[in-house]
Amino acid sequence: MSKIEHFMPLLVQREEEGALAPLLSHGQVHFLWIKHSNLYLVATTSKNANASLVYSFLYKTIEVFCEYFKELEEESIRDNFVIVYELLDELMDFGFPQTTDSKILQEYITQQSNKLETGKSRVPPTVTNAVSWRSEGIKYKKNEVFIDVIESVNLLVNANGSVLLSEIVGTIKLKVFLSGMPELRLGLNDRVLFELTGRGKNKSVELEDVKFHQCVRLSRFDNDRTISFIPPDGDFELMSYRLSTQVKPLIWIESVIEKFSHSRVEIMVKAKGQFKKQSVANGVEISVPVPSDADSPRFKTSVGSAKYVPERNVVIWSIKSFPGGKEYLMRAHFGLPSVEKEEVEGRPPIGVKFEIPYFTVSGIQVRYMKIIEKSGYQALPWVRYITQSGDYQLRTS
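Residues numbered from 1 in each chain as written. Predicted model: local features only at pLDDT ≥ 70, side-chain atom pairs only at ≥ 80, totals over all residues. Heavy atoms only, no water.

A.B. asks: What is the right way to look at the overall build of the chain in this model?
C.D. replies: Per the secondary structure count, the chain includes seven helices and 21 strands. Within the chain, contacts between residues at least 6 apart in sequence are counted, and of these 69% link residues at least 24 apart. When the accessible surface of the chain is summed, it comes to about 22,800 Å², and 49% of that surface belongs to carbon and sulfur atoms. (Helix = DSSP H or I, 4+ residues; strand = E, 2+ residues; numbered from the N terminus. Contact = heavy atoms within 4.5 Å. Areas by Shrake-Rupley, 256 points an atom, 1.4 Å probe, with all protein chains shown as cover.)

Following this line, the structure appears as structure tokens:
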């Protein structure tokens, strides 16, 4: 029996015992696994391997397969078996990760598997270059870089209005249309950099848990906090960061629920934009939980529209445009059965979704983007800031 054939019986056994873990061992063999849709991706090792590297490789494998097949599921694996086999052969050699960039792989492993059998395919020089994530000879008529600074706010507020959890998760994404092999240098208002250069802490942010794309020269960042890199072509995520900081709720919610003689329930929700008046939140969705046995919904809103989603037991109040400092009301009326249903647990929290363009909660700023290329062309960098909701919940009980 092969190593991998031990995995499923072991998984079922541990699940029944209530001791399921992302790493299972059988004898001298360790199974490191993740689940995607209806598939298990499993790596086996008989040595004391770096678990973080193994899981990073498994998630990267999913990313590559999704780039090729759009949807990764059992059917797409069956339909593209030859391509999957070729990809796995390039992704890893003798237990060591190799080329994991889907854009580079697509240069010589095509969607049409019959091309792989001609024997004439040639591995592009990119694979053996020091810069394996970018091809040689890229040319554009107009050289541009688009920078998106996207921050997600995770927030949990209790029924008394106290903030229980608050953090900002940020990503900086680039869309690169540059000729040749340019070197880019990105400057942020990083607190450590400001302290190193004697600029003080004013208008600077302290970045935590910073993660970079492989193109960034980590030694330079460690030495002088310079973010220097030769970028891949097209879209990619340059870096991510986190800030555990006390965030004032950007959209504050108050709710009042009244039940009348077990026959009807009325819900009043007030939403207030607690961000600067010059900014506008777009696509606001406020999900208000309602009793599972509610029926005959009626709504009244001062702005936007409300709809009942019975399969989720929520009312969704949608506001297309929500300026800072504004306050809006929504009233909902539901009928209830004559027999009151006991509420064993407290009500679920109210969830909020939104997106605020041209605004960051942390105050992070792109101070400059320098583009250096041997041909000396001029390029335009464009910067866009977006704040959006992450896991944003306000408890009502």
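Alright, that's what it looks like, and here's the rest.
A.B. asks: Explain the layout of surface pockets here, please?
C.D. replies: Leftover empty space is mapped by rolling, across the atoms, a probe with the size of a water molecule. Roughly 1,100 Å³ of internal volume is contained in the largest pocket. Lining the largest pocket are 34 residues, and of these V42, A43, T44, F57 and L58 lie nearest its centre. Among the secondary structure elements, those contributing two or more residues to the lining of the largest pocket are α1 (7–17), β3 (39–45), α2 (51–69), α3 (74–79), α4 (81–91) and β5 (96–97). Sorting elements by how many residues they give to the lining of the largest pocket places β3 first, with seven residues. Looking at the lining of the largest pocket, its residues break down into 23 nonpolar, six polar and five charged. The space that makes up the second largest pocket amounts to roughly 920 Å³. Lining of the second largest pocket is provided by 23 residues; of these, K60, E63, T100, H213 and Q214 occupy positions nearest its centre. Only α2, α5 (102–105), β9 (208–212) and β11 (234–243) provide two or more residues apiece to the lining of the second largest pocket. Tallying contributions element by element places α2 first for the lining of the second largest pocket, with seven residues. Split by residue class, the lining of the second largest pocket holds eight nonpolar, seven polar and eight charged. When residues of the lining of the second largest pocket are sorted by domain, at least three fall in each of domain 1 (3–106) and domain 2 (144–247 + 361–394). (1 Å grid on protein atoms, 1.4 Å probe; cavity = no way out; pocket = protein on both sides within 12 Å on 5 of 7 lines; lining within 4 Å. Points joined across faces, edges and corners; volume = space filled by probe spheres on them. Nonpolar A, V, L, I, M, F, W, Y, C, P; charged D, E, K, R; others polar. Domains from an automatic or database assignment.)

A.B. asks: What's the story with the sheet that holds β3 in this structure? I'm lost.
C.D. replies: Two modes of strand pairing occur in sheets, parallel and antiparallel, and in both the strands are linked by backbone hydrogen bonds. Taking strand neighbours across the sheet as the criterion, the three strands line up as β1-β2-β3 in an open arrangement whose pairing is antiparallel. The two strands at the open ends of the sheet, each matched to only one other strand, are β1 (23–26) and β3. Along the sheet, successive strands turn relative to each other by an average axial angle of 30°, direction set aside. Both strand β2 (residues 29–36) and β3 contribute to a ladder of seven bridges, which runs antiparallel. Looking at the pairing, W33 lines up with V42 of β3. Here α2 sits on the sheet in contact with β1, β2 and β3, set at roughly 35° to β2. (Pairing = 2+ DSSP bridges. Axes fitted to C-alpha atoms, helices over the stretch in contact; angles between N-to-C directions.)

A.B. asks: I'm lost on the pattern of salt bridges in this one. Help?
C.D. replies: Counted according to the given criterion, the structure contains 15 salt bridges. Among the ionic pairs, R185 bridges to E183, the shortest N-O distance being 3.2 Å. On the accessibility criterion, R185 (26% relative accessible area) is partly exposed. A single salt-bridge network, built from bridges that share partners, covers E167, E208, D209 and R242. (Salt bridge = Lys/Arg side-chain N within 4 Å of Asp/Glu carboxyl O. Buried < 20%, exposed > 50% of the residue type's maximum accessible area, 1.4 Å probe, protein only.)

None of this, on its own, says anything about what the molecule does.
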